[in-house]
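Chain by chain, the residues:
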Amino acid sequence: MKANISSGDKATKVGGIFDSEHKAKATFDILNNDENFVKQSIRLIPPHDQHYDEKVEPEDKKIAKTMLKSHLVFAVVGLVFGVIIASILFLLEFEFLQQHILETYVSIGILCTFVGLLIAGAFSLRPDHDDLINNIREATRSGLWAIVVHTDSHEKMEKAKDLMQPHAVSISTTL
């Protein structure tokens with residue numbers, strides 16, 4: 001059984017920055033002709049594009065769904081973990097905990113629930129995307145071309161990177 005918290009179809013991204021339209025379009029054509037990639041997953045971003053963010057992160061609604069799902073799952077897991085810890089402490093027969101059973105369960109349960117929510121926040125915010133987004137933002141503002149490839153596996157990410165490498169000024173990837 002595999003638990004899938006992420007709602008995004010293509011969680012891994014590769015972004016390449018190009019210093020000419022010719023290099024960008026040639027690389028775009030190479031990627032489009034490769035059978036490993038779905039054509040809708042490859043985005044060409046021209047200089048000064050005001051809507052580059054929609055091409056880099058097209059799954060806004062899925063990101064919100066991922067955040068909600070991960071927070072619910074990790075909060076419940078944290079609460080269960082907290083109840084287990086409180087039960088173990090109760091079974092060890094600490095005198096103070098024996099006298100304050102309800103307070104022990106509530107406090108440890110709440111603490112572990114909050115830890116679960118913190119982990120969910122770190123999981124769903126995807127700080128690994130920041131570098132790629134910032135590079136593309138700066139490139140488009142500076143008059144450079146960019147290509148973003150949305151992939152569903154590490155192997156496809158490496159393939160996209162290899163195909164962009166000869167023409168790109170720089171390449172950024174996400175995890």
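We now turn to the structure provided with this report. Given the structure is predicted, the values throughout are model-derived calculations rather than measurements. (Residues numbered from 1 in each chain as written. Predicted model: local features only at pLDDT ≥ 70, side-chain atom pairs only at ≥ 80, totals over all residues. Heavy atoms only, no water.)

There is a patch of nonpolar side chains on the surface, built from V76, V80, I84, I88, L92 and F94 and spanning about 560 Å² of accessible area. Mapped onto the fold, L92 is located in the loop between helix 3 (60-91) and helix 4 (95-99). For L92, a relative accessible area of 54% puts it in the exposed group. (Patch = residues over 30% accessible without salt bridge, like charges linked within 9 Å, V, L, I, M, F, W, Y side chains within 5 Å. Areas by Shrake-Rupley, 256 points an atom, 1.4 Å probe, with all protein chains shown as cover. Salt bridge = Lys/Arg side-chain N within 4 Å of Asp/Glu carboxyl O. Helix = DSSP H or I, 4+ residues; strand = E, 2+ residues; numbered from the N terminus. Buried < 20%, exposed > 50% of the residue type's maximum accessible area, 1.4 Å probe, protein only.)

Residues F18, L31, F37, I42, I147, V149 and M164 are the most contacted members of the largest nonpolar core, which totals 16 residues. Contributions of two or more residues to this core are made by strand 1 (12-18), helix 1 (21-33), strand 2 (42-45), strand 3 (145-151) and helix 7 (154-164). If sequence neighbours within four positions are ignored, V149 has contacts with T12, K13, V14, L31, F37, S41, I42, A160 and M164. I45, L132, I133 and I136 belong to the second largest nonpolar core, which has ten residues in total. (Core = buried A, V, L, I, M, F, W, Y, C linked by side-chain atoms within 4.5 Å. Contact = heavy atoms within 4.5 Å.)

A few words now on helix 6 (residues 129-141). For helix 6, which comprises 13 residues, the first-to-last C-alpha distance of 18 Å matches the rise-based estimate of 18 Å (1.5 Å per residue) to within 8%. Among the residues of helix 6, those classed as buried are H129, L132, I133, I136, A139 and T140. Mapping the buried residues of helix 6 onto a view down its axis gives an arc of 130°, with all of them on the same face. Contacts from the buried residues of helix 6 go to strand 1, strand 2, helix 2 (52-56), strand 3 and strand 4 (170-173). (Expected span 1.5 Å × (residues − 1). Arc of directions from axis to C-beta.)

Before going further, it helps to spend a moment on the environment of L118. Within the fold, L118 resides in helix 5 (residues 101-125). On the basis of relative accessible area, L118 is assigned to the exposed category, the value being 64%. Note: C-alpha distance between L118 and F74 (44 residues apart in sequence) is 8.7 Å.

It is worth spelling out the side chain of H129 at this point. Position of H129 relative to the elements: it lies in helix 6. A residue is classified by how much of its surface remains accessible, and H129, at 7% relative accessible area, is buried. Of the polar contacts made by the side chain of H129, one reaches the side chain of E57; its length is 2.7 Å. Aside from chain neighbours lying at most four places away, what touches H129 is A11, K13, E57 and T174. (Polar contact = N/O pair within 3.5 Å; in protein donor to acceptor, adjacent residues only side chain to side chain.)

Bringing the pairing of strand 3 into the picture now. Within strand 3, seven of the seven residues are buried, which leaves the element mostly enclosed by the surrounding structure. Because side chains alternate across strand 3, one face comprises the buried residues W145, I147, V149 and T151, and the other comprises A146, V148 and H150, equally buried. Taken together, the seven bridges between strand 1 and strand 3 define a ladder with antiparallel strand orientation. Each residue of the ladder has a partner; that of G16, found in strand 3, is I147. By the bridge criterion, four bridges tie strand 2 to strand 3 in an arrangement that is antiparallel. Considered in strand 3, the bridge of L44 is made with I147. (Pairing = 2+ DSSP bridges.)

On to the sheet that holds strand 4. One open sheet accounts for four strands, arranged 2-3-1-4; its pairing is antiparallel. For this open sheet the edge positions go to strand 2 and strand 4, each flanked by a neighbour on one side alone. Across the sheet, the mean angle separating the axes of adjacent strands is 15° when strand polarity is ignored. Where helix 1 meets the sheet, it contacts strand 1, strand 2 and strand 3, and its direction lies at approximately 20° from that of strand 3. In this fold helix 7 packs onto strand 1, strand 3 and strand 4, with an angle of close to 5° to the strand it touches most, strand 1. (Axes fitted to C-alpha atoms, helices over the stretch in contact; angles between N-to-C directions.)

A few words on helix 5. Between its terminal C-alpha atoms helix 5 stretches 36 Å, which fits the 36 Å expected from 25 residues at 1.5 Å a residue. With its phi angle positive at about 50°, R126 sits one or two positions after the end of helix 5.

Bear in mind that shape data such as this cannot, by itself, settle questions of function.
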